[in-house]
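Coordinate analysis (summary)
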Amino acid sequence: MTASSPFCSFLVPGQYVSHPDHPEWGRGQVQSATGRRVVVMFPHAGKVAFDAMVVQLTVLD
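Residues numbered from 1 in each chain as written. Predicted model: local features only at pLDDT ≥ 70, side-chain atom pairs only at ≥ 80, totals over all residues. Heavy atoms only, no water.

Re the packing of aromatic side chains
The criterion, for reference: Aromatic rings from Phe, Tyr and Trp, taking only the six-membered ring of Trp, are treated as a pair when their centres fall within 6.5 Å; an angle between ring planes under 30 degrees marks them as stacked, one over 60 as edge-to-face, and anything in between as tilted. In this text, helices come from DSSP runs of H or I with a minimum length of four residues, and strands from runs of E with a minimum of two, each type numbered from the N-terminal end. Here the term buried applies to any residue with accessible area under 20% of the maximum for its type, exposed to any over 50%, and partly exposed to those in between, with areas from a 1.4 Å probe on protein chains only. Only Lys NZ and Arg CZ are tested; either one counts as a charge over a ring when it is within 6 Å of the ring centre and within 35 degrees of the ring normal.
Under the defined criterion, the tally for this structure stands at three aromatic pairs. On the basis of an interplanar angle of 40° and a centroid distance of 6.5 Å, the ring pair of Trp25 and Phe50 is categorised as tilted. In this pair, Trp25 sits in the loop between strand S1 (16–18) and strand S2 (28–34) while Phe50 sits in strand S4 (residues 46–51), placing the two residues 25 residues apart along the sequence. Since its relative accessible area comes to 17%, Trp25 is described here as buried. Accessibility expressed as a relative area gives 8% for Phe50, which makes it buried. Among the aromatic residues, those joined into a cluster by ring pairs are Trp25, Phe42 and Phe50. The aromatic ring of Tyr16 is capped on one face by Arg27, whose charged end is 4.2 Å from the ring centroid.

Written as structure tokens, this is what we have:
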């Protein structure tokens, strides 16, 4: 990755994900994904924002 190609998350709104370090949060739904910033609504943690370069969420089927 170069300075001219900023990181962009592969996640899209509507996808379901889980947090690898917090399975107790449950199945979260991606609310938004803009650049590195991803916002997910988890049933047991509420709305949580992540830096997609730091946290690698697991995509669920």
